[in-house]
Amino acid sequence: MPSNLRRNQEHFVAPEEETPLQAIDAVSTDDKPRTVWGDAWQSMRRRPMFWVSAVLIVLILVVAMFPGLFSPVSPTANCLLANSNAGPAAGHPFGFTRQGCDVYARVIYGTQSSVMVGVIATLVVAIFGSIVGALAGYYGGILDAILSRVADIFFAIPTVLGAIVFMSVVPERTPLVVALVIAVFAWPQIARIMRGAVLTAKQADYVVASIALGVSRWRVLLRHVLPNAIAPVIAVATVSLGTFIVAEATLSFLGIGLPGTVMSWGNDINSARQSLTTSPMVLIYPAAALSVTVLSFLMLGDVVRDALDPKERARR
């Protein structure tokens, strides 16, 4: 065999083999940078509190949308005074109210109104507050001064107190009306948070570069600023949903929220006061459902807030 052919064979590297440096380069090429939401998901999925709260919230939402799947008994039919404040019986695990209605059915069907008020109020507050805060923080100047002062006026009024005054003069008290009244006095918090997040995001280099390249300010706001400022709003809105459910229960308990013909946990707690000494479980069951629901949203909000906070992620 010629010497030059032997030398070529000795220095030949098979195509299926690769050096360690090539393997490292291939791995680094395949890796894709994760977004803020990707990092948040990786953080949340490792926390048991996230899964516990998520399972409870999904269960509560399913009960609110399909109460008939969980209670074959009607909460208003077959209300016999003979069963007044009676204990648990076959098909009635929670016993009966003072009017002889099934407590379990009322707790199940009361989920719908309470959750509906909380969801509608949260959506209205998140959308309207985000719009006001984004416009104030992004454009600044006179617009910021006017919107901030208007928000301060509403922020100075406690949500429940303002809703009590407003609901006392409202002729129709449907879940939609109660949710809108709560939202009227609750939006300034979201507006303040969004304004601060927009003030921080609009100083980023990519925002300044986009404006310098001639991109319209409105387009920069929608495509670059808002996606990077919405994270704290989502975290606060998740916690606020639980507080709005409590606000509805408080108004209904005081007799100025949902009317007595509408089943809600607040109305059931109000009605159970008369039987507190003789049958305390009639009050405990709707109060427990309210507590579990609010606690679930509060836990989820805490997890989302920690996952979206870069300082908290770095600490973990």
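Visitor: Even after reading the chapter, I still don't get the overall build of the chain, so can you show me in this structure?
Guide: Looking only at helices and strands, one finds 14 helices and 0 strands in the chain. Along the chain, helices and strands appear, N-terminal first, in the series α-α-α-α-α-α-α-α-α-α-α-α-α-α. For the chain, with 316 residues in total, the buried portion stands at 40%. Per element, the accessible surface of the chain, about 17700 Å² overall, is 66% carbon and sulfur.

Visitor: Is there a simple way to explain the nonpolar core in this structure?
Guide: A general tendency of soluble globular proteins is for nonpolar side chains to be buried together. Ranked by internal contacts, the top residues of the largest apolar core, which has 38 residues, are V125, V178, I182, V198, V225 and L251. Taken together, the elements giving at least two residues each to this core come down to α5 (103-139), α6 (141-155), α7 (159-167), α8 (175-201), α10 (217-229) and α11 (231-253). The element that contributes the greatest number of residues to this core is α8, accounting for 14 residues. With residues up to four places along the chain from it excluded, the contact list for V225 reads Y138, V198, A201, K202, V207 and V220.

Visitor: Just checking my understanding: could you explain the packing of aromatic side chains for this structure?
Guide: One pair of aromatic rings is described through two measures. These are the centre distance and the angle between the planes. Taken as a whole and judged by the stated rule, the model has 8 aromatic pairs. A ring pair is formed by F94 and Y104, whose centres lie 5.3 Å apart and whose planes are at 80°; its orientation type is edge-to-face. Taken together, the residues span a long stretch of sequence, with F94 in the loop between α4 (48-65) and α5 and Y104 in helix α5 at a distance of 10 residues. Judged by its relative accessible area of 25%, F94 is partly exposed. With centroids separated by 6.4 Å and ring planes inclined at 55°, the aromatic side chains of F154 and F185 adopt a geometry described as tilted. Taken together, the positions of F154 in helix α6 and F185 in helix α8 put the pair 31 residues apart, joining distant regions of the chain. Three or more aromatic residues link up through ring pairs in this structure, and these residues are F128, F154, F166, F185 and W187. Positioned above the aromatic ring of F155, the side-chain terminus of R192 is 4.3 Å from the ring centre.

Visitor: Just checking my understanding: could you explain α5 for this structure?
Guide: Since one α-helical turn is 3.6 residues long, residues separated by three or four positions face the same way. Counted at 1.5 Å a residue, the expected span for α5 with its 37 residues is 54 Å, and the 54 Å between its end C-alpha atoms agrees. Along α5, the helix axis deviates most sharply at G110, where the bend reaches about 25°. Two or three places before Y104, at the opening of α5, D102 has a side-chain oxygen 3.4 Å from that residue's backbone nitrogen.

Visitor: Would you mind showing me how to read a nonpolar patch on the surface here?
Guide: Together, L61, M65, F66, L69, V119, L123, I127 and I131 make up an exposed nonpolar region whose accessible area comes to about 780 Å². Those elements that place two or more of their residues in the nonpolar patch are α4 and α5. Counting through the fold element by element, L61 comes out in helix α4.

Visitor: In this structure, what is going on with the packing of α5 against α6? I would like to understand it.
Guide: Angle between the axes and distance between the axes are the two parameters that describe a pair of packed helices. Interaxial distance between α5 and α6 falls to 7 Å at its minimum, and their mutual angle equals 145°. Every pair of crossing elements has a handedness; the one defined by α5 and α6 is left-handed. When α5 is examined against α6, the residues V132, L135, A136 and Y139 are found in contact with a partner set consisting of G141, L143, D144 and L147.

Visitor: What should I look at first to understand the pattern of salt bridges in this one?
Guide: Oppositely charged side chains may form a pair once their charged atoms are brought near each other. Under the counting rule described, the total for this entry stands at 7 salt bridges. Between R195 and D144 there is a salt bridge, with the nearest N and O atoms lying 2.8 Å from each other. One end of the pair, R195, is in helix α8; the other, D144, is in helix α6, and 51 residues separate them in sequence. Judged by relative accessible area, which is 29%, R195 ranks as partly exposed. On the basis of relative accessibility, which here comes to 11%, the residue D144 falls in the buried class. The salt bridge partner of D302 is R305, with a shortest N-O separation of 3.5 Å. Of this pair, D302 and R305 both sit in helix α13 (residues 281-308), 3 residues apart, which is roughly one turn of the helix. What you see here is one network of salt bridges that share partners, running through R47, D302, R305 and D306.

Visitor: Is there a simple way to explain the packing of α5 against α11 in this structure?
Guide: Across the interface, α5 lies against α11 with an axial gap of 8 Å and an inter-helix angle of 140°. Considering the angle they form, α5 stands oblique to α11. For the pair α5 and α11, the crossing hand works out as right-handed. Contact residues: S114, V115, V117, G118, V119, A121, T122, V125 and S130 in α5; V233, A237, S240, L241, F244, I245 and E248 in α11. Its residues placed into classes, the contact of α5 with α11 shows 10 nonpolar, 5 polar and 1 charged.

Visitor: Quick question: what am I supposed to make of the confidence of the model for the chain here?
Guide: If pLDDT is low for a region, its predicted coordinates should not be looked at in detail. The pLDDT averaged across the chain works out to 82; a share of 86% of its residues lies at or above 70. For the stretch residues 5-30, pLDDT sits under 50, and the model shows 4 contacts to residues farther than four places along the chain or on other chains.

Visitor: Could you clarify how one ought to interpret the environment of V73 in this entry?
Guide: Here V73 shows up in the loop between α4 and α5. A C-alpha to C-alpha distance of 9.9 Å links V73 and C101, two positions 28 residues apart in sequence. Apart from the residues lying within four places of it in its own chain, the contact partners of V73 are G91, H92, D102, A105 and Y109.

Calculation criteria
- Residues numbered from 1 in each chain as written.
- Predicted model: local features only at pLDDT ≥ 70, side-chain atom pairs only at ≥ 80, totals over all residues.
- Heavy atoms only, no water.
- Helix = DSSP H or I, 4+ residues; strand = E, 2+ residues; numbered from the N terminus.
- Buried < 20%, exposed > 50% of the residue type's maximum accessible area, 1.4 Å probe, protein only.
- Areas by Shrake-Rupley, 256 points an atom, 1.4 Å probe, with all protein chains shown as cover.
- Core = buried A, V, L, I, M, F, W, Y, C linked by side-chain atoms within 4.5 Å.
- Contact = heavy atoms within 4.5 Å.
- Phe/Tyr/Trp six-rings, centres within 6.5 Å; stacked < 30°, edge-to-face > 60°.
- Lys NZ or Arg CZ within 6 Å of the ring centre and 35° of its normal.
- Expected span 1.5 Å × (residues − 1).
- Bend = angle between axes of the 7 residues up to and from the residue.
- Polar contact = N/O pair within 3.5 Å; in protein donor to acceptor, adjacent residues only side chain to side chain.
- Patch = residues over 30% accessible without salt bridge, like charges linked within 9 Å, V, L, I, M, F, W, Y side chains within 5 Å.
- Salt bridge = Lys/Arg side-chain N within 4 Å of Asp/Glu carboxyl O.
- Axes fitted to C-alpha atoms, helices over the stretch in contact; angles between N-to-C directions.
- Left-handed = near helix turned anticlockwise from the far one by under 90°.
- Parallel < 35°, antiparallel > 145°, perpendicular 65-115°, else oblique.
- Nonpolar A, V, L, I, M, F, W, Y, C, P; charged D, E, K, R; others polar.
- pLDDT = per-residue confidence, 0-100.

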